[in-house]
Amino acid sequence: MDQLTKAGSYQAPFSTLSPKAGIGLKPQHYDVILNVDPIMHPPAWVEVHPQNYFCEGGPPHRWLSAVAERYPLSFHSVGLSLGSADGLIADQLDRLAALCDRYQPAMVSDHLSFSGNAHDRFADLLPIPYTFEALDHFSAQVDCVQQRLGRQMLIENPSCYLAYVDNDYSEPEFLAHLITKTGCGLLLDINNVVVSTGNLGGNPGAWFAQVDPDWVGEIHLAGHATELHDSGPLYIDDHGSPVGDLAWTLFAEFVSNHGPKPTLIEWDTNTPAYPVYMAEAHKAQAILDRALERHDAVAA
């Protein structure tokens, strides 16, 4: 069980998810994952956006209840808007807390972003400035969520297209301070590192060099789109294609060096047929298996 420190932060293992490959569950795959033959190597776990299940009952809950009987669940929230200046969206937290009580997911996460202000709500996860003030504010929101849920949460690094001019921290530095202040963990989205460093001119290797592997409670892998402009390519985090070569390389290097982590294949647009989706998960699992063999050999 997670334990509160005197500062109101959590210091404990992230979850009970196994360090294996899972998939983001889509309604078109409900039936197949409930009936897939184990010999076909189904996903080790599944992740859902809890906002899709904020209704009281009906078909969504009948399906999710059936899935939860067979697979561990990870809740990946997209609606708390932790970085909003007026604070997180209280109704979202109330509904998330109720859903966690109902299903007891192995993991809960949200994003280093905001998606609303005092007057409007947005369909996008917008990056926050990495300033002293934003760190204090965001930390307070994370503490609020962890206190309400009674558990540690993970925060995902965002995909960025522009940088704020008045940042006080780099993104890894901001994450380091956030994790230290709140006891939360990192949901390491490798494609987001590829997108952000590609758009902003950074080096993904230098980004990873600043990340403590002990922060990482889950990894996300996805594809992205590329738009060609006169100023150069623009990378769009659309989760609409297979995982890119650079993301695979960075993933393999990370788990080879630091050991396997729970790893999710995301495919949110142009969602393919189940066998195509699972081929990506099996590729991730093969990399995780090699990383485990390497670490077992080193330990022996």
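These remarks concern the structure in this document. (Residues numbered from 1 in each chain as written. Predicted model: local features only at pLDDT ≥ 70, side-chain atom pairs only at ≥ 80, totals over all residues. Heavy atoms only, no water.)

With 5 of 5 residues buried, strand S8 (residues 185–189) lies mostly within the body of the structure. Burial along S8 is two-sided: Gly 185, Leu 187 and Asp 189 and Leu 186 and Leu 188, pointing in opposite directions, are all buried. Here 3 bridges tie strand S7 (residues 154–156) to S8, and the two strands are oriented parallel to one another. When the bridges of S8 are listed, Glu 156 appears paired with Leu 187. (Buried < 20%, exposed > 50% of the residue type's maximum accessible area, 1.4 Å probe, protein only. Helix = DSSP H or I, 4+ residues; strand = E, 2+ residues; numbered from the N terminus. Pairing = 2+ DSSP bridges.)

Turning to helix H2 (residues 59–70), a few remarks are in order. When the terminal C-alpha atoms of H2 are compared, their 17 Å separation across 12 residues agrees well with the 16 Å that a helix rising 1.5 Å per residue should span. What H2 keeps buried is the set His 61, Leu 64 and Val 67. Considered in projection along H2, the buried side chains sweep an arc of 125° and stay on one side of the axis. For H2, the exposed residues lying more than 90 degrees away from the buried face are Arg 62 and Glu 69. Packed against the buried residues of H2 are helix H1 (30–35), strand S2 (46–48), strand S3 (73–76) and helix H3 (90–103). (Expected span 1.5 Å × (residues − 1). Arc of directions from axis to C-beta. Contact = heavy atoms within 4.5 Å.)

Because each turn of an α-helix spans 3.6 residues, side chains separated by three or four positions end up pointing in the same direction. The first and last C-alpha atoms of helix H5 (residues 171–182) sit 16 Å apart over 12 residues, in line with the 16 Å expected at 1.5 Å per residue. Looking at H5, one finds that the buried residues are Glu 171, Pro 172, Phe 174, Leu 175, Leu 178, Ile 179 and Thr 182. Projected down its long axis, H5 shows its buried positions confined to an angular sector of 155°, all on one face. Here the buried face of H5 lies against helix H4 (132–149), S7, S8 and helix H7 (204–209).

Once that is clear, we can look at the packing of aromatic side chains. Counted under the stated rule, the structure contains 8 aromatic pairs. Here Tyr 169 and Phe 174 contribute two aromatic rings whose centre-to-centre distance is 6.1 Å and whose plane-to-plane angle is 75°, an arrangement assigned as edge-to-face. For Phe 174, a relative accessible area of 0% gives the class buried. For the pair Phe 208 and Phe 254, a centre-to-centre distance of 6.1 Å together with 55° between the ring planes defines the contact as tilted. With a gap of 46 residues between them, Phe 208 in helix H7 and Phe 254 in helix H8 (residues 245–258) connect regions that are remote in the sequence. Residue Phe 208 is classed as buried on the basis of its relative accessible area of 13%. Looking at Phe 254, the relative accessible area reads 5%, which means it is buried. By way of ring pairs, the aromatic residues Tyr 130, Phe 132, Tyr 169 and Phe 174 are connected into one cluster. (Phe/Tyr/Trp six-rings, centres within 6.5 Å; stacked < 30°, edge-to-face > 60°.)

The 8 strands lie next to each other as S1-S2-S3-S4-S7-S8-S9-S12, forming a closed barrel whose pairing is parallel. Mean inter-strand twist for the sheet, computed between neighbouring axes without regard to direction, equals 30°. Against the sheet, H3 contacts S3 and strand S4 (107–111), and its axis sits at roughly 175° relative to S3. Together, S7, S8 and strand S9 (216–221) form the strand contacts of helix H6 (residues 190–200), whose direction differs from that of S8 by roughly 65°. (Axes fitted to C-alpha atoms, helices over the stretch in contact; angles between N-to-C directions.)

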